[in-house]
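# Topology and contacts: notes
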Amino acid sequence: MNIKLGDYNKLRVTKEVDFGVYLDGYDEGEILLPSRYVPRGTKPDDELNVFVYLDQDERLIATTERPLVKVGEFGYLRVAWVNQYGAFLDWGLMKDLFCPFSEQKKKMECDSYHIVHVHIDEESYRIVASAKVERYLSKETADYYHNEAVDLLVWQKTDMGFKVIIDNTYQGLVYNNQIFREIHTGDRLRGYIDQVREDGKIDVMLQPSGRQQTRDFADTLTDYLIAHDGFCPYGDKTDPELIRDIFGVSKKTFKRAIGDLYRRHVILITEEGLRLTPHH
């Protein structure tokens, strides 16, 4: 069995020492889990789920800390420090993640944040980061269907909207007219596929379209009413921008949800606003 470097591994404790415990690393030999990361009560033959990476001397070491990103993933990381070889990014572990100058799109500076891809350098066997993320995105045509739910990492703003990374694999675009709340580079969001174009480009929505969107927001609006003593002061005549700011949806979606809740006898529509019906 091979150790997954830069990833989680379930490993057996082989022995205890003053400075931690050793884990069975199979062909890689024993791997140290330092004392500060050893769960209380751990004993030989216990199995632990640990993240394995390289220490300052490029030796395998384990931790029970959870990094912000692992090998094969994209993440939004802060530059902790810079030297003559490149930048070192804070990824949530004791040893920072190296991004050489050759893998930077623009020179990284301390405390700046960047979208990067984490991988193993084939020559040095080190875990490294690259800001040249395009080369790590799939060029294959995605097999998504309309309204399919996906995970998004917001990548960068453009004139048309925001580029996003879909399911840690594909590039997509959320158009400005699909955005009803503030989003920023590095945000992780739930998204929905609008379409996969013939050229392979993917259009993404931040809300499901059609009936599913109405039902989803109707549930959100019901939760709002419950949390506000059964009353909502907003209705058909409320300014669209105010609806967008408060609920993060278009006025059209808001009105459809009102209609859906009214038809299901969940709400009453009054001059003052919306009220839950007595049995709700």
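Scroll up a little and you will see the structure.
Attention in this report is confined to the structure presented alongside it.

### Quick notes on the sheet that holds strand β18 (residues 274-276)
If you walk across this open sheet you meet the three strands as β16-β18-β17, and the pairing is antiparallel. Where the open sheet ends on each side, the last strands, each with one partner, are β16 (231-232) and β17 (267-269). Relative to β18, β16 runs antiparallel, the two sharing two bridges. Bridge pairing links Phe 231 to Arg 275 in β18.

### Quick notes on the nonpolar core
One finds Leu 23, Leu 33, Val 50, Leu 89, Trp 91, Leu 97 and Met 108 to be the most contacted residues of the largest nonpolar core, which totals 34 residues. Here this core gets six residues from one element, more than from any other, and that element is strand β4 (residues 47-54). Apart from the residues lying within four places of it in its own chain, the contact partners of Leu 89 are Leu 77, Arg 78, Val 79, Ala 80, Asp 96, Leu 97, Cys 99, Met 108, Val 116 and Ala 129.

### Let's talk about the sheet that holds strand β15 (residues 202-205)
Here five strands make up a closed barrel; going around it, the order is β11-β12-β13-β15-β14 and the pairing mixed. Each strand axis lies, on average, 55° off the axis of its neighbour in the sheet, ignoring direction. Alignment of strand β11 (residues 149-157) against strand β14 (residues 188-196), held across five bridges, turns out to be antiparallel. Across the sheet, Asp 151 pairs through a bridge with Arg 190, a residue of β14.

### Points about the pairing of strand β6 (residues 74-82)
Strand direction decides the pairing type here: β6 and strand β9 (residues 113-120), joined by five bridges, are antiparallel. Residue pairing for β9: Tyr 76 is matched across the bridge by Ile 115. Here four bridges tie β6 to strand β7 (residues 86-90), and the two strands are oriented antiparallel to one another. Of the residues in β7, the one forming a bridge with Val 82 is Ala 87. Counted along the chain from β6 to the antiparallel partner β7, the turn is three residues long.

### Some details on a negative patch on the surface
Where like charges cluster on the molecular surface, the negative patch consists of Glu 182, Asp 239, Glu 241 and Asp 245. With respect to the helices, strands and loops of the structure, Glu 241 is situated in helix α2 (residues 240-247).

### Describing the environment of Lys 139
Turning to its location among the elements, Lys 139 is positioned in the loop between β10 (127-130) and β11. On the basis of relative accessible area, Lys 139 is assigned to the exposed category, the value being 67%. Each C-alpha atom of the pair Lys 139 and Tyr 170 lies 7.7 Å from the other, and the pair is 31 residues apart in sequence. A polar contact of 3.2 Å, which involves the side chain of Lys 139, links it to the backbone oxygen of Glu 134. Polar contacts involving the side chain of Lys 139 include one to the main-chain carbonyl oxygen of Leu 137, which spans 3.2 Å.

### Points about the pattern of salt bridges
Enumeration according to the criterion identifies 16 salt bridges in this entry. Taking the shortest distance from any N to any O, the salt bridge between Arg 190 and Asp 151 comes out at 2.9 Å. Here Arg 190, found in strand β14, pairs with Asp 151, found in strand β11; they are 39 residues apart in sequence, far enough to count as distant. For Arg 190, a relative accessible area of 45% translates into the label partly exposed.

### Observations concerning helix α3 (residues 251-263)
With 13 residues, α3 should reach 18 Å at 1.5 Å per residue; the first-to-last C-alpha distance of 18 Å fits that figure. Along α3, the residues that are buried comprise Lys 251, Thr 253, Phe 254, Ala 257, Ile 258, Gly 259, Asp 260 and Leu 261. Following α3 by one or two positions, His 265 adopts a phi angle in the positive range, close to 60°.

### Digging into the side chain of Asp 55
In this fold, Asp 55 is placed in the loop between β4 and β5 (60-63). Look past the residues within four positions of Asp 55 in its chain and what remains in contact with it is Ile 61 and Lys 95.

### Focus: the environment of Tyr 262
Its place among the elements puts Tyr 262 in helix α3. Residue class for Tyr 262 comes out partly exposed when judged on its relative accessible area of 47%. For the pair formed by Tyr 262 and Tyr 37, sequence separation is 225 residues and the distance between their alpha carbons is 55 Å.

Each value, and the rule that gives it
- Residues numbered from 1 in each chain as written.
- Predicted model: local features only at pLDDT ≥ 70, side-chain atom pairs only at ≥ 80, totals over all residues.
- Heavy atoms only, no water.
- Pairing = 2+ DSSP bridges.
- Helix = DSSP H or I, 4+ residues; strand = E, 2+ residues; numbered from the N terminus.
- Core = buried A, V, L, I, M, F, W, Y, C linked by side-chain atoms within 4.5 Å.
- Buried < 20%, exposed > 50% of the residue type's maximum accessible area, 1.4 Å probe, protein only.
- Contact = heavy atoms within 4.5 Å.
- Axes fitted to C-alpha atoms, helices over the stretch in contact; angles between N-to-C directions.
- Patch = residues over 30% accessible without salt bridge, like charges linked within 9 Å, V, L, I, M, F, W, Y side chains within 5 Å.
- Areas by Shrake-Rupley, 256 points an atom, 1.4 Å probe, with all protein chains shown as cover.
- Salt bridge = Lys/Arg side-chain N within 4 Å of Asp/Glu carboxyl O.
- Lys, Arg positive; Asp, Glu negative; His and termini not counted.
- Charge placed at Lys NZ, Arg CZ, Asp CG, Glu CD.
- Polar contact = N/O pair within 3.5 Å; in protein donor to acceptor, adjacent residues only side chain to side chain.
- Expected span 1.5 Å × (residues − 1).

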